[in-house]
Amino acid sequence: MKNFFFCARNLEDYLTPLLNGNEKSFVDVHDKNLMATDDVQKLFRSIITTHLEGLKYFDTPMSGAIETGLQDVKLDFNFGLRLEVPEGNWRVKIGDIDSGIIFFDKYISDVRLCSLEFYYIHWQVEIFRDDKKVFSHTLELDGKQVLINIPSLGMGDVISMLPYVEEFQRQRNCKVTLILPKYLREFAAYLYPNITQVDDVNYKSYAAYHLCMPINFLPVWSVDIRNYQLGRIAGVALGLNNIARKPNFEPTMPPAINEPYVCIAVQSSVTKKGWLYPNGWDIVVSYLKSLGYRVLCIDMLREFERDGIKIFMPKAAEDFTGNRPIMERANMLYYAEFFIGLSSGLAWLADSVNCPVVMISGFTQDWHEFYTPYRVANRLVCNGCFNDTRVNFVKEKCFHHKDTPRELECQKKISPRQVINAIENLITAEHLKPPVLGIKN
């Protein structure tokens with residue numbers, strides 16, 4: 001039995017960029033003969049191989065969670081929609097019950113039919129044998145077991161998704177089991193004790209949603225993530241229209257430091273996201289210490305190098321780097337006066353425990369991350385390329401100005417004065433009293 005792939009969206013949405021030669025906007029396929037043909041099955045297999053770890057998702061066993069009553073006909077929603085039919089005169093009709101749009105209506109035989117969508121669609125399936133309807137099923141999650149798989153994404157990506165997992169369980173009245181990167185499991189279990197965590201994908205769930213974060217516009221995802229606020233992307237993928245409530249974090253341990261302190265993190269997943277103003281961090285750390293604050297660097301590493309850029313912990317900061325447990329980091333941020341960092345996972349962790357955040361980021365637009373009134377960017381230079389759908393920020397060091405004096409100016413031209421202004425605004429707005437002025441209210 002062979003796999004036959006289809007997608008819910010109109011194929012022209014995916015084929016047109018390829019046929020126009022703009023393959024980078026879609027998928028890295030360098031076979032020009034493939035890009036010049038309408039061989040959709042080969043194209044889909046290329047997508048899967050490049051972005052979905054080969055064919056393993058689609059070749060896994062069917063769950064049997066949906067009883068079809070038809071011999072050798074199997075249906076599940078564990079990897080998009082999968083439907084197996086044996087040899088025979090079968091017609092399959094698949095659509096979205098809400099919009100009435102039909103995605104697939106063909107005669108097939110001895111095939112496992114696989115959709116590419118890993119996000120929520122209100123599927124409706126009808127099966128005909130010898131042109132007589134013999135089976136119909138509409139996806140309904142009420143009371144069902146549903147798996148949500150969040151693979152090894154960046155910490156900020158995962159933290160942004162968690163409130164929507166809880167909201168999904170509440171709205172759909174289903175029982176969610178959740179797969180998370182191991183380092184975040186304790187934190188998620190503390191904030192969301194009503195969500196069961198599991199170690200690996202099982203095939204017994206009624207439905208499953210795999211929250212990957214592809215940069216390119218792909219059938220596996222409902223939107224281009226560069227056009228959306230990061231905290232809303234999981235909600236869109238899970239079919240939710242509202243903004244999920246941020247949980248209330250309460251500390252699980254007393255403060256390890258009794259003096260007023262500020263946490264900083266100078267690194268991110270890639271060096272080009274760093275604040276690259278020469279000695280900028282040293283200037284800010286010196287300023288903070290002049291206010292009487294202890295300054296704790298909580299990055300995982302003391303130094304990090306990539307793409308010819310080295311990022312070092314500021315010399316005057318206290319070394320709290322290391323691969324520390326997530327709850328230790330969360331508690332440290334909870335008790336901090338505030339956090340200064342980048343568009344990074346630690347910034348999302350700080351926000352999730354209600355620690356005020358000064359975020360230094362010119363490569364994203366102001367709306368991309370969570371809202372903080374202490375956002376710092378220089379919009380007078382080239383900026384925001386991550387949210388430019390013409391650009392693949394992940395693969396290009398600096399799309400617009402590579403190997404010129406303007407390279408990465410979005411991160412280099414943010415001045416220490418701008419950062420210090422944001423800190424001063426935060427101190428005023430949060431009613432803080434730096435140690436040189438007295439004790440915090």
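Residues numbered from 1 in each chain as written. Predicted model: local features only at pLDDT ≥ 70, side-chain atom pairs only at ≥ 80, totals over all residues. Heavy atoms only, no water.

1. Focus on the pattern of salt bridges
What counts here: For this document, the term salt bridge refers to a Lys or Arg side-chain nitrogen within 4 Å of an Asp or Glu carboxyl oxygen. Helix numbering and strand numbering both begin at the N terminus, where a helix is a DSSP run of H or I of at least 4 residues and a strand a DSSP run of E of at least 2. Exposure classes here rest on a 1.4 Å probe applied to the protein chains alone. A residue is buried below 20% of its type maximum, exposed above 50%, and partly exposed in between.
Applying the stated criterion to the full structure yields 20 salt bridges. Taking the shortest distance from any N to any O, the salt bridge between Arg 170 and Glu 167 comes out at 2.5 Å. Here the residue Arg 170 and the residue Glu 167 both occupy positions in helix α5 (residues 155-172), the gap between them amounting to three residues, near one helical turn. Residue classification places Glu 167 among the buried positions, given a relative accessible area of 10%. With a shortest N-O distance of 3.0 Å, Arg 324 and Glu 328 are connected by a salt bridge. Assessed through its relative accessible area of 30%, Arg 324 is described here as partly exposed. Judged by relative accessible area, which is 27%, Glu 328 ranks as partly exposed.

2. Focus on the pairing of strand β16 (residues 309-312)
Put simply, the rule is: Pairing between strands is defined by DSSP: at least two bridges between them are needed.
Burial along β16 is one-sided: the residues Ile 309 and Ile 311 are buried and none of Lys 310 and Phe 312 is. Here strand β15 (residues 303-306) folds back onto β16, and the loop between the two strands holds two residues, one of which, Asp 307, carries a positive phi near 55°.

3. A short note on the side chain of Lys 273
The criterion, for reference: Charge convention: Lys and Arg are scored as positive, Asp and Glu as negative, and His as well as the terminal groups of each chain are ignored. For the purposes of these results, a polar contact is taken to be a pair of N or O atoms within 3.5 Å, where, inside protein, one atom must be able to donate a hydrogen and its partner to accept one; residues adjacent in sequence count only when each atom of the pair is a side-chain atom. It only takes one pair of heavy atoms within 4.5 Å for two residues to be counted as in contact.
Mapping Lys 273 onto the fold places it in the loop between β13 (261-264) and α8 (280-290). The buried charged residue Lys 273 lacks any salt bridge, with Asp 157 as its nearest oppositely charged partner at 6.9 Å. Within the structure, Lys 273 has its side chain in polar contact with the side chain of Ser 269 (distance 3.2 Å). Once residues within four sequence positions are removed from consideration, Lys 273 is found in contact with Ser 268, Leu 342, Ser 343, Phe 363, Phe 393 and Gln 411.

4. A short note on the sheet that holds strand β20 (residues 375-376)
How we decide: Simply put, an axis is a line fit to the C-alpha atoms, just over the touching stretch for a helix, and the angle between two N-to-C directions goes from 0 to 180 degrees.
With parallel pairing, six strands are arranged side by side in an open sheet as β17-β14-β13-β18-β19-β20. Each end of this open sheet is capped by a strand with a single partner; those strands are β17 (318-319) and β20. For strand β19 (residues 357-360) and β20, the ladder comprises two bridges, and the chain directions are parallel. The partner of Ile 360 across the bridge, within β20, is Val 376. Packing against the sheet, α8 makes contact with β13, β14 (294-297), β18 (339-341) and β19, and its axis sits at approximately 170° to β18. Sheet strands in contact with helix α10 (residues 345-352) are β18 and β19, and its direction is about 160° off that of β19.

5. Things to note about the sheet that holds strand β10 (residues 175-179)
As a general point, the strands of a sheet are linked pairwise by backbone hydrogen bonds and lie either parallel or antiparallel. Read from one edge of the open sheet, four strands run β11-β10-β9-β12, paired in parallel fashion. Two strands lie at the open edges of the sheet, namely β11 (196-197) and β12 (207-210), each paired on one side alone. Of the pairings in the sheet, the one linking β10 to β11 comprises two bridges and is parallel in character. Opposite Thr 177, over in β11, you have Thr 196 as the bridge partner. Contacts from α5 reach β9 (145-149), β10 and β12, with the element oriented near 155° to β10.

6. With respect to α8
The condition that has to hold: Directions drawn from the helix axis to the C-beta atoms are what define this arc.
Along α8, the residues classified as buried are Gly 280, Trp 281, Val 284, Val 285, Tyr 287 and Leu 288. What you see down the axis of α8 is that its buried residues fit within an arc of 160°, all on one side. Against the buried residues of α8 lie β13, β14, β18, β19 and α12 (416-429). Positioned one or two residues after α8, Gly 292 has a phi angle of 95°, which is positive.

7. Details of empty space enclosed by the protein
Here is the rule we go by: Space inside and on the surface of the protein is sampled on a 1 Å grid over the protein atoms alone, with a cavity defined as a set of points where a 1.4 Å probe fits but cannot get out and a pocket as an open set with protein on both sides within 12 Å along at least 5 of 7 lines; lining residues have an atom within 4 Å of a point. Grid points are joined across faces, edges and corners, and a volume is the space filled by probe spheres set on the points. The nonpolar class holds Ala, Val, Leu, Ile, Met, Phe, Trp, Tyr, Cys and Pro. Asp, Glu, Lys and Arg form the charged class, and all remaining residues, Gly among them, are polar.
One pass over the structure, following the stated rule, counts four cavities of 30 Å³ or more. Put simply, the largest cavity is a space of about 60 Å³. A volume near 40 Å³ is recorded for the second largest cavity. In terms of lining residues, the second largest cavity is bounded by Cys 385, Val 391, Phe 393, Glu 396, Lys 397, Cys 398, Phe 399 and Leu 408. Here the residues of the lining of the second largest cavity sort into six nonpolar, no polar and two charged.

8. Observations regarding the packing of helix α9 (residues 326-335) against α10
The condition that has to hold: Crossing handedness follows the turn of the near helix against the far one: under a right angle anticlockwise gives a left-handed crossing, and clockwise gives a right-handed one.
For the pair α9 and α10, interaxial distance at closest approach is 9 Å and the crossing angle is 60°. Classified by chirality, the crossing of α10 by α9 is right-handed. Here Ile 326, Arg 329, Ala 330 and Leu 333 of α9 lie close against α10, whose contacting residues are Leu 346, Leu 349 and Ala 350. A per-class count over the contact of α9 with α10 returns six nonpolar, no polar and one charged.

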